[in-house]
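Listed below, chain by chain, are the residues.
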Amino acid sequence: MNPTTVRLTNIHKSFGRQEVLRGIDLEARDGDVISIIGSSGSGKSTLLRCIPFLEIPDQGEVTVGDETIVLTGAGHRFSRAERQKIRRLRGQIGFVFQSFNLWPHMTALQNVMEVPLHVQGRPRAECREEAEAMLAKVGLADKRDAWPAHLSGGQQQRVAIARALASRPRALLFDEPTSALDPELVGEVLRVIRALAEEGRTMLIVTHEMAFAREVSSHAIYLHEGRIEEAGPPQQVFLDPVSERCRRFVRGQAGPVD
Amino acid sequence: MGEAFTLLGFGPEGWGHALLTAGLTTLAVSACAFACGLVLGTLCAWAKIAGPAALRRAADIYGVVLRGIPDLLVIYLFYFGGRQIVTAIANQFGHTGPVEISGFVAGSLAIGLISGAAQAEVLRGAFHAIPSGTLEAARVTGMRRWTMFRRIIAPQALRTALPGLGNQWQSVIKESALVSVTGLVETLRAVSVAANSTELPFLFFLAGGAIYLAITTVSGLVFRIAEWRAMRGQPAMRVGG
Amino acid sequence: MDLAFIAAVFPKLLAGLPLTLSLAVLSLSGGAILALLLSGLRASSWLGAQFANFYVYIFRGTPLLIQIFLIYYGLAQFPALRHSLLWPLLREPYVCAVLALMLNDAAYTSEILRGGLRAVSSGAIEAAKVAGMSRPTMLRRIVLPLAFRQALPAYGAEVTSMVKATSLASVVTLMEVTGLARAEVSQSYRAIEVFLCAAVIYLVLVTLITRLVHWLEDRLSTHRSPALDRSPA
């Protein structure tokens, strides 16, 4: 069995009095592609954002690679050592946002080079070469000197994927990567993600693209009101779920099965 | 400490009355200057939006020039320059020697001219922030231009211009301190005189600062309330300037 | 107009330009450093933020001229200060003018900086966080560059207004451009010609600065408007 890359244990998270995550356990082993589905408000994005501590879980345990952080209760104050640990943990993740979040004052290439060069401190020539390779991989070699504002949404998202790859992460996290895109631009981004899945990268994908998720993932999780309602291989979750609620959800979302 | 209270108070030893009068003078100069600025600003905004090309150009030049010259120089030009001109005219009619002109008038005109350039920009910005649909809606009803200006344009533009005009009023108050160079006994002049004769400059300049701060704070509040009242029920609009 | 007189006045006034410029440059750089410190203070704690707000309130709520007077004339009221080691410095009108201009500029600049910081999108910051950037790196590479670009137009206006404000130094006897003009008028009594010459000098200076800031804005904000497709080679 492959080693564990990301593990979440008993994650709880509340916003005010609203409990968004109610005890989530999840494990991604090396090479797994896990898609996380659920209606809006089910907590799926919050769950993904808890992994790099963009949201801080109230309780539970987060492991990425060799870094484990244990949360003991809401309003946890991190020590200096823990903050450094979180930064090292983040260094092992590539995160792709729904709204791209490219740095607007840097060109495509500069966006991709930024983290290897200024956070990881790798040699400039190496960073540059690798960044160019990453841009080529997402099909944007010719846009290296373009500013984000001059790129289409699909192109921006592909640059963001290249940026996430450039830090040589152990796992890639996608937070609804195509939800902010015009329909005709969704395909180009999904193609890139699919290629990454085929390379055997470890990925967690929060998405509404049911057909795509069924196709690329090795596991699927259906979240409902902050709990995992259904989990298993994609054939089970998408085509023959145990949970009646999950069945209704995938029927409603999937549209015509191709 | 007790001495300070006596000196700033309204007793026979105190400068209280002098400072109060001076504060009122500051307010009067500022009000005149602001009014001049509003008239000039409105004219210029109109010239920039709808005026003939020559006027538009003149309004632009006025704006650039006034924004490029120190306020103090503008006041000097009005006060000393004005005196030079009036003296020259008087001498033509047989008067000899220099003729004094009022620091109040020269100062209000100078600061009005400075503020007018800025107020024009505020008003122009506010006009452009009016949703064009509301103008079209007025036009299709067959409204006359003047009615449209009075009923549709001015009320909307003034609402949006209020914060900018409020800032301008604050600037005018602070600029009015420069009029002290003409010898007009407004706040800064009054505290300078008091500072000299009591040899307590820190105390009196501090008191002067407090007077300005009180005026800017209170008028800031008044504008805030006016904005709040004007904006009730209005969609959020953002204007620069 | 008497062209010969004007030709004679111009060089006399231009002699004050170095002083005008040195006042502006010193007080702007000092003001910028102070403004950064104020921003740091504002972010540090509740008490720090209250102090920063109070500072800005005081300096923006009172005329610059009274601030200059308070420092130049006001400090002499304290015998302890008059006998201190700092007095030879604080007695100098130049030092007092720079000090007042600097303190004043810091208040306005810190507000401009605050506006710029507020405009940095939370997405850009999240992307930096998730990449494992430390706070100093994030500040240096992402937050400050973005805030600076955002604040540039307002800061440009502040620079020109400081250049104009240096004319107030003439009131505490400094012989910069306005001071020299004032002296010239008291000799020649030709106020209009002399002050107009001075005005032209300031106008040219301010126009040059405005151009420079526009040029800088253009260079730095290619990323903002899709209309200008200009990529560096």
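Everything numeric in this text was worked out from a predicted model, so none of it was measured. (Residues numbered from 1 in each chain as written. Chains lettered and ligands numbered in written order. Predicted model: local features only at pLDDT ≥ 70, side-chain atom pairs only at ≥ 80, totals over all residues. Heavy atoms only, no water.)

**What to know about the overall build of chain A**
Scanning chain A from N- to C-terminus turns up nine helices and 10 strands. Rg of the C-alpha trace for chain A: 18 Å, near the compact-globule value of 18 Å for 258 residues, within the 12% margin. The dimensions of chain A, computed from C-alpha atoms along their principal axes, are 50 × 50 × 40 Å. The 258 residues of chain A split such that 55% are buried. Accessible surface, chain A as shown: approximately 11,200 Å² in total, 45% of it carbon and sulfur. Of the charged side chains in chain A, 33 are positive and 33 negative; the average position of the first set lies 5 Å away from that of the second. (Helix = DSSP H or I, 4+ residues; strand = E, 2+ residues; numbered from the N terminus. Rg over C-alpha atoms; globule rule 2.2 N^0.38 Å. Buried < 20%, exposed > 50% of the residue type's maximum accessible area, 1.4 Å probe, protein only. Areas by Shrake-Rupley, 256 points an atom, 1.4 Å probe, with all protein chains shown as cover. Lys, Arg positive; Asp, Glu negative; His and termini not counted. Charge placed at Lys NZ, Arg CZ, Asp CG, Glu CD.)

**A look at the interface of chain B and chain C**
Contact residues are listed per partner, giving 34 residues for chain B and 35 residues for chain C. Across the chain B to chain C interface the summed buried area is about 3,000 Å²; carbon plus sulfur atoms make up 77%. Our count for the chain B to chain C interface comes out at zero salt bridges. The set of elements that each furnish at least two residues to the side of chain B that touches chain C consists of α3 (53–68), α4 (71–92), α8 (187–198) and α9 (201–231) of chain B. (Contact = heavy atoms within 4.5 Å. Buried area = accessible area lost by both parts, 1.4 Å probe. Salt bridge = Lys/Arg side-chain N within 4 Å of Asp/Glu carboxyl O.)

**A few points about the pairing of strand β8 (residues 202–206) of chain A**
Residue and element names in this part refer to chain A. The buried fraction of β8 is high, at five of five residues. Residues T202, L204 and V206 of β8 are buried on one face, and the alternating residues M203 and I205, pointing to the opposite face, are buried as well. The pairing of strand β7 (residues 171–175) with β8 spans five bridges and is parallel. Bridge pairing in β8 links L173 to L204. Handedness of the crossover joining β7 and β8 through helix α6 (residues 183–198): right-handed. (Pairing = 2+ DSSP bridges. Right-handed = clockwise from strand over helix to strand, strands pointing away.)

**Some details on the nonpolar core**
Nonpolar side chains in soluble globular proteins tend to be buried together. The biggest cluster of nonpolar side chains holds 103 residues, and the ones touching the most others in it are L73(B), L188(B), F204(B), F205(B), L13(C), L168(C) and F195(C). Ranked by residues supplied to this core, first place goes to helix α11 (residues 191–220) of chain C with 11 residues. I51(A), F97(A), A127(C) and M133(C) belong to the second-largest nonpolar core, a separate cluster that totals 47 residues. (Core = buried A, V, L, I, M, F, W, Y, C linked by side-chain atoms within 4.5 Å.)

**A closer look at the interface of chain A and chain C**
Listed by partner, the interface residues are 22 residues for chain A and 28 residues for chain C. With both sides pooled, the region where chain A packs onto chain C buries about 2,300 Å², and carbon together with sulfur makes up 63% of that total. Of all residues in chain A, W103(A), H105(A) and H150(A) give up the largest surface area on contact with chain C, accounting jointly for 26% of the area buried on that side. Taken together, the links from chain A to chain C amount to two salt bridges. Where R141(C) meets E114(A), a salt bridge forms, and the shortest distance between an N and an O atom there is 2.7 Å. Where chain A meets chain C, there are seven residue pairs in polar contact (both at pLDDT 80 or more). Mapped onto the side of chain A that touches chain C, the elements with two or more residues apiece are α2 (80–91), β6 (93–96) and α3 (108–118) of chain A. Looking at which element gives the most residues to the side of chain A that touches chain C, the answer is α3(A), with three residues. Classifying every residue of the side of chain A that touches chain C gives 12 nonpolar, four polar and six charged. (Polar contact = N/O pair within 3.5 Å; in protein donor to acceptor, adjacent residues only side chain to side chain. Nonpolar A, V, L, I, M, F, W, Y, C, P; charged D, E, K, R; others polar.)

**Notes on the packing of helix α6 (residues 132–140) of chain B against helix α7 (residues 145–175) of chain B**
Residue and element names in this part refer to chain B. Contact geometry for α6 and α7: axes closest at 11 Å, N-to-C directions at 170°. The pairing of α6 with α7 is recorded here as roughly antiparallel in orientation. In contact with T134, L135, A138 and R139 of α6, α7 contributes M148, I152, I153 and Q156. Split into classes, the residues belonging to the contact of α6 with α7 amount to five nonpolar, two polar and one charged. (Axes fitted to C-alpha atoms, helices over the stretch in contact; angles between N-to-C directions. Parallel < 35°, antiparallel > 145°, perpendicular 65-115°, else oblique.)

**What to know about helix α5 (residues 103–128) of chain B**
Residues and elements named next belong to chain B. Under the 1.5 Å per step criterion, the end-to-end length of α5 is 37 Å for 26 residues, consistent within 8% with the ideal 38 Å. The principal kink in α5, of about 30°, is found at G116. Of the residues that open α5, the one with a side-chain oxygen 3.1 Å from the backbone nitrogen of F104 is S102. (Expected span 1.5 Å × (residues − 1). Bend = angle between axes of the 7 residues up to and from the residue.)

**Observations concerning the packing of aromatic side chains**
For the structure on display, the rule yields 16 aromatic pairs over all chains. Judged by centre distance (5.6 Å) and plane angle (50°), the rings of Y76(B) and F80(B) are tilted. Here F80(B) and Y76(B) lie together in helix α4, a separation of four residues that amounts to about one turn. F80(B) gets classed as buried once you look at its relative accessible area, which sits at 9%. Residues F69(C) and Y73(C) carry aromatic rings whose centres are separated by 5.4 Å and whose planes lie at 65° to one another, so their mutual orientation is edge-to-face. Classification of F69(C) as buried rests on a relative accessible area of 8%. Among the aromatic residues, ring-to-ring pairing joins Y76(B), Y79(B), F80(B) and F195(C) into one connected group. Sitting above the plane of the W103(A) ring, R163(A) keeps its charged end 4.3 Å from the centroid. The ring of Y76(B) has R182(C) sitting right over it, with the charged end atom 5.2 Å from the ring centre. (Phe/Tyr/Trp six-rings, centres within 6.5 Å; stacked < 30°, edge-to-face > 60°. Lys NZ or Arg CZ within 6 Å of the ring centre and 35° of its normal.)

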